[in-house]
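Okay, here's what each chain looks like letter by letter:
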Amino acid sequence: MIINTATIIEKHPTMKASIILPVINETSSLEKTAKIITDENHDDLGEIIIMTAVKTTPESIAVINKLKNEYPNLIKAYRQELPFLGGAMRDAFTRSQGDWTLMMASDLETDPHAVKDLIREAKTGNWDIVTVTRWTQKGGFKGYNPVKFVLNFAFQNLFRLLYWTNLSDLTYGFRIFRTDLIKKIKWEEVRHPFLLETILKPLKLKQRVKEIPAKWEARKEGESQNTFFRNFEYIKIGIKVLRSKKEDLLV
Ligand SMILES: Nc1nc2c(ncn2[C@@H]2O[C@H](COP(=O)(O)OP(=O)(O)O)[C@@H](O)[C@H]2O)c(=O)[nH]1
Ligand SMILES: [Mg+2]
């Protein structure tokens, strides 16, 4: 058998990833997420940026303090200044010190075992972003609201066409970015539609994006901060970015 050494040489051998974990009401899910990430990533892990809000529960804060004691060199916890989920992510983008920045959740709806796959693809491929899709055979949904499922499918396909992209999941907030890219982009959303903005602006800027599959499973602890009708607000940023000029997307 011929081994092609070129395929095992890493493109970014010294990469450090900053992982963002936003937290409102997660305890055991947060702990499990942090443990799996630290167990499976070692040298590639630069920092875990935990973002809290005023309404983050005292139980979650207790878990964050425990994690800080356990991993003093890795865990950095900050109280967000901008509001909501997008605001938490944007504050973390500003603080990120890694070569790559990974955005996910702490409620186990973003499978922490997939973090190592995102990092591997970022290291070995030639990408600006590696993002997760639930919409391929190896991905999938467990416990997703059926009405949301149909609307999500329609939304993905409409925006795939509008942006003329092969990507199948534009709204899943589970992706890793080259940090210099996210610091160059002018972000505007502060709520959940920020998750869509983080793929549409790079697409508009012709960045190289790779998709890998992972399964989505509904959280077993706490509840979502998003409401059903807020999902329709994604359309606004989707259209706005489509009609904007490239230079207006940069700081
Ligand atoms: N710091 C912070 N975390 C948030 C905020 N909103 C949501 N999160 C966290 O972000 C993750 C995803 O949010 P979630 O409410 O589950 O949204 P959904 O999965 O899209 O329904 C969860 O871990 C939440 O705890 C926020 O305003 N601030
Ligand atoms: Mg969730």
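Being a predicted model, the structure only gives us computed values, none of them experimental.

(A) Region of the structure containing the overall build of the protein. Each helix and strand in the protein was counted, giving 8 helices and 9 strands. The globule rule puts the C-alpha radius of gyration for 251 residues at 18 Å, and the 18 Å found for the protein is close to it. Considered along the principal axes of its C-alpha atoms, the protein spans approximately 55 × 45 × 40 Å. A total of 251 residues make up the protein; the buried ones form 38% of that total. Of the contacts formed within the protein by residues at least 6 apart in sequence, a portion of 84% connects residues at least 24 apart.

(B) Inspection of the UniProt feature "domain: Glycosyltransferase 2-like" (unreviewed entry) in the protein at higher detail. The UniProt entry lists residues 18-185 under the feature "domain: Glycosyltransferase 2-like" (unreviewed entry), expressed in the numbering used here. A distance of 18 Å separates the end C-alpha atoms of residues 18-185, which is 44% helix and 20% strand.

(C) Representation of the site of ligand 1 in the model. Close to ligand 1 lie 19 residues; P22, I24, A105, S224 and Q225 are nearest. Elements with a contribution of two residues or more to the shell around ligand 1: β1 (17-23), β2 (45-52) and α3 (84-95). Counting residues per element, the shell around ligand 1 draws most heavily on α3, which supplies 3 residues. The class makeup of the residues in the shell around ligand 1 is 9 nonpolar, 7 polar and 3 charged.

(D) Here's a closer look at the nonpolar core. Counting 52 residues, the largest nonpolar core has I19, I20, L21, L102 and I176 as its most contacted members. Residues in contact with I20, not counting those within four places in the same chain, are I49, M51, M89, A92, T101, L102, M103 and M104.

(E) View of the packing of helix α1 (residues 28-41) against helix α4 (residues 114-124). Look at α1 against α4: their axes get within 9 Å of each other, and the N-to-C directions meet at 45°. As the angle between them shows, α1 and α4 are arranged oblique. As for the relative orientation of α1 and α4, their crossing is right-handed in sense. Residues I37, E40 and N41 of α1 form the contact with α4, whose own contacting residues are V115, K116 and I119.

(F) Representation of the pairing of strand β5 (residues 129-133) in the model. Of all 5 residues making up β5, 5 are buried, and the element is well covered by its neighbours. Residues of β5 alternate between two faces, with I129, T131 and T133 on one and V130 and V132 on the opposite face, all of them buried. As paired strands, β5 and strand β7 (residues 175-178) are joined by 3 bridges and run antiparallel to one another. What sits directly across from T131, in β7, is R175.

(G) Expanded view of the packing of helix α7 (residues 194-204) against helix α8 (residues 234-243). Here α7 crosses α8 at 10°, and the two axes come no closer than 10 Å. Between α7 and α8, the interaxial angle falls into the category roughly parallel. As α7 packs across α8, the resulting crossing turns out to be right-handed. Contact residues: L196, E197, L200, K201 and K204 in α7; Y234, I237, G238 and V241 in α8. Looking at the contact of α7 with α8, its residues break down into 5 nonpolar, 1 polar and 3 charged.

(H) Spatial organisation of α4. Considered for burial, the residues of α4 that qualify are V115, L118, I119, A122 and K123. For α4, the angular spread of the buried residues around the axis is 130°, confining them to a single face. Next to the buried residues of α4 lie β1, α1, β4 (100-103), β5, β7 and β8 (209-213).

(I) Region of the structure containing the sheet that holds β4. As summarised here, the arrangement of the 7 strands in space is β3-β2-β1-β4-β7-β5-β8, forming an open sheet in which the pairing is mixed. Lying at the two open borders of the sheet, with one neighbouring strand each, are β3 (75-79) and β8. Each neighbouring strand pair of the sheet contributes to a mean axis angle of 25°, computed without reference to strand direction. Bridge count for β4 against β7 is 4 bridges, and the pairing is antiparallel. Note that in β7 the partner of L102 across the bridge is I176.

(J) The arrangement of the environment of I75 in detail. The topology assignment puts I75 in strand β3. Separated by 29 residues in sequence, I75 and G46 place their C-alpha atoms 9.4 Å apart. Setting aside chain neighbours within four positions, we find I75 in contact with I48, I50, L67 and K68.

(K) The arrangement of α3 in detail. Here α3 spans 17 Å end to end across 12 residues, near enough to the 16 Å set by a 1.5 Å rise per residue. Among all positions in α3, only L85, G86, G87, A88, M89, R90, A92 and F93 are buried. Summarising the contacts, the buried residues of α3 are in contact with β1, β2, β4, α6 (179-184) and α7.

What counts and how
- Here the residue index of a chain counts from 1 through its sequence in written order.
- Whichever chain is written first becomes A and whichever ligand is written first becomes 1, with later ones labelled in order.
- Where local features are concerned, this predicted model is filtered to residues with pLDDT of at least 70; where side-chain atom pairs are given and counted, the filter is 80 or more; whole-chain, interface and lining totals use all residues.
- By definition, any uninterrupted DSSP run of H or I lasting at least four residues is a helix, any uninterrupted run of E lasting at least two residues is a strand, and each is numbered from the N terminus.
- As a reference, a globule follows 2.2 Å times the number of residues to the power 0.38, and the radius of gyration itself is taken over C-alpha atoms.
- Once C-beta atoms are placed from the backbone, each residue is buried if 20 or more other C-beta atoms lie within 10 Å of its own, exposed if 12 or fewer, and partly exposed for counts between those two.
- With C-beta atoms placed from the backbone, a contact is any residue pair whose C-beta atoms sit within 7 Å.
- UniProt positions are given in the numbering used here, feature names are shortened, and annotations may be inferred rather than shown by experiment.
- Any residue qualifies as near a molecule or strand once its backbone-derived C-beta atom lies within 6 Å of it.
- Residues are grouped as follows: Ala, Val, Leu, Ile, Met, Phe, Trp, Tyr, Cys and Pro are nonpolar; Asp, Glu, Lys and Arg are charged; every other residue, Gly included, is polar.
- Any set of buried Ala, Val, Leu, Ile, Met, Phe, Trp, Tyr and Cys residues joined through C-beta atoms within 7 Å is what this text calls a nonpolar core.
- Here, axes are lines fitted to C-alpha atoms. For helices the fit covers the stretch in contact, and angles between N-to-C directions go from 0 to 180 degrees.
- Each angle receives one of four descriptions, namely roughly parallel if under 35 degrees, roughly antiparallel if over 145, roughly perpendicular if within 65 to 115, and oblique otherwise.
- Take the far helix as the reference: if the near one is turned anticlockwise from it by less than a right angle, the crossing is left-handed, and if turned clockwise, right-handed.
- Two strands pair if DSSP finds at least two bridges between them.
- Think of the arc as the fan of directions from the helix axis to the C-beta atoms.
- One less than the residue count of a helix, multiplied by 1.5 Å, gives the span that helix is expected to have.

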